[in-house]
Amino acid sequence: MALLLRVLCLVPPVRAYLPVFMMHGIGSGSGEMDTIRELAEAAHPGTVLTSFKLYEDLPDGLTNLNDQAAAVAGAVRAAVAANATLYAEGYHVVCKSQGGLICRAALMLMDDHAARTFVSLAGPQAGVFGPDFFKDVVHDVPLLENVTAQEAYHVAYTWAGQKLSVANMWRDPNHLDDCGLFDHCFDEGNVFLPNFLGKATAAMKANFLRLEKVVLCVGSGPAYDGGIEPWQSAVFGAADASGAIAPMEDQDFYATDAFGLRTLAESGRLNVTVVPNASHGSWTGDRATIAAYVLPHLT
C-alpha cells in the first residue's frame, strides 16, 4: 500500500480545462466553430466545447439582437442546469462576428453567469457603418434595397427596421443624437446597441465585471475586414461625424466606464489583440491564427 501511494504521488494530476460555449456569426451556423473545436480538443484534451445551434443561416440570423441575446443566455442556463458538475468551476465564451456582440449582451444581462473568459472574434462591439458592409448586406435586407448607406438611418432607426439584427448594429456617426420630431437617430431609434454601451445599467455593468478576462480580437487593414466595418469596432473604436475613427479610450462609454470597460482595462483584465491583415474569416478558418490568438485563452 505504501509503495502504491508513493507511485500515485509521482503521477502528475490530469489537467482539467474549462468547458467552452461558442456562438457563430450572421448567416452562418454552429459548424462555423468546428476548426476552433478541433484545435482546442487536440491542444487541450478533455475540453468540452458547445457551439450553439441558434439563429443559423438567413433569414434567422437577421432576427433582432435583443431576442438573440436572450436566447444565448437561455442556452447557457439550460446547459449548466443539465450538467451542473461540468460547469461547476465556470466556463469560457468564444463568439464570432455578430455572435460576439450577442454574447457580450447576453453576459451583461445574466446576473447568474459563471463565465471566466469572454473572447470576441471580430465582433462589432461598437456597431457597424460603412459602404462596403452596407453593400454586402443590402441584398439580404429588402427594407434597405432602395436606399444608400447614408440614407439607411431613415429605415434602420424605425420600429420596422429595429426588427432586424443589422439595424440593431447600425451606428450612423452622422445621426447619433440629433433626433428631430420627424427624423430618426441612433440614440433613440436603436433599441439594442445604445443599451449595451452608454446606456448600460448598473446591474449590466456588474455582470460584465464578473468576467476575469475579456479578449477582443480583430484584424487590421481595410476598413471592411470582410464581415464588419470599421474593423476598429471590434476593439470598441467608432467613427465620428468627420469619418475619423476614434479609439476606445476616446469613447464616452469608456470615459464614464458605463459598463465596466475602463475598469477591465485598468485592472489588466482586457486583452486587445489586433493582428495585421487578418481577415474576418481567419478567426474561425485559419488554423495558425486560432492556435496563436484564441487557444491560449481557453485553458
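Residues numbered from 1 in each chain as written. Predicted model: local features only at pLDDT ≥ 70, side-chain atom pairs only at ≥ 80, totals over all residues. Heavy atoms only, no water.

The protein chain carries the name palmitoyl-CoA hydrolase in an unreviewed UniProt entry, which gives Aureococcus anophagefferens as its organism. The annotation that UniProt attaches to the protein chain under Catalytic activity (unreviewed entry) is "S-hexadecanoyl-N-acetylcysteamine + H2O = N-acetylcysteamine + hexadecanoate + H(+)". In the Function (unreviewed entry) part of its UniProt record, the protein chain is described as follows: "Catalyzes the cleavage of thioester bonds from S-palmitoyl-CoA or S-palmitoyl-N-acetylcysteamine (unbranched structures) but does not have activity against palmitoylcysteine or palmitoylated proteins, branched structures or bulky head groups. Conversely, hydrolyzes both long and short chain fatty acyl-CoA substrate." (UniProt positions renumbered as here; feature names shortened; annotations may be inferred.)

Novice: What is the right way to look at helix 2 (residues 34-43) in this model?
Specialist: It helps to recall that an α-helix has 3.6 residues per turn; residues three or four apart then point in one direction. Buried within helix 2 we find Thr 35, Ile 36, Leu 39 and Ala 40. All buried residues of helix 2 project into a common sector of 125° when viewed along the axis, lining one side. Residues of helix 2 that are buried sit in contact with strand 1 (20-23), strand 2 (49-51), strand 3 (91-96), strand 4 (115-121), helix 12 (282-285) and helix 13 (287-293). (Buried < 20%, exposed > 50% of the residue type's maximum accessible area, 1.4 Å probe, protein only. Helix = DSSP H or I, 4+ residues; strand = E, 2+ residues; numbered from the N terminus. Arc of directions from axis to C-beta. Contact = heavy atoms within 4.5 Å.)

Novice: I keep staring at the pattern of salt bridges and nothing clicks. Help me out?
Specialist: Where charged atoms of side chains with opposite charge meet at close range, the side chains can pair. Counting across every chain of the model gives 7 salt bridges. Note that Glu 38 and Arg 287 form a salt bridge whose closest N and O atoms lie 3.0 Å from each other. Residue Glu 38 is found in helix 2, and its partner Arg 287 is found in helix 13; the two are separated by 249 residues along the sequence. According to the relative accessible area criterion, Glu 38 is partly exposed, its value standing at 41%. (Salt bridge = Lys/Arg side-chain N within 4 Å of Asp/Glu carboxyl O.)

Novice: Whenever I open this one, the nonpolar core confuses me. Can you help?
Specialist: If you look at the biggest cluster of nonpolar residues, it comprises 90 residues, and the most contacted ones within it are Val 94, Trp 170 and Phe 259. Counting residues per element, this core draws most heavily on helix 4 (residues 98-109), which supplies 7 residues. Residues in contact with Val 94, not counting those within four places in the same chain, are Val 20, Phe 21, Met 22, Met 23, Met 33, Ile 36, Val 119, Leu 121, Val 294 and Leu 298. (Core = buried A, V, L, I, M, F, W, Y, C linked by side-chain atoms within 4.5 Å.)

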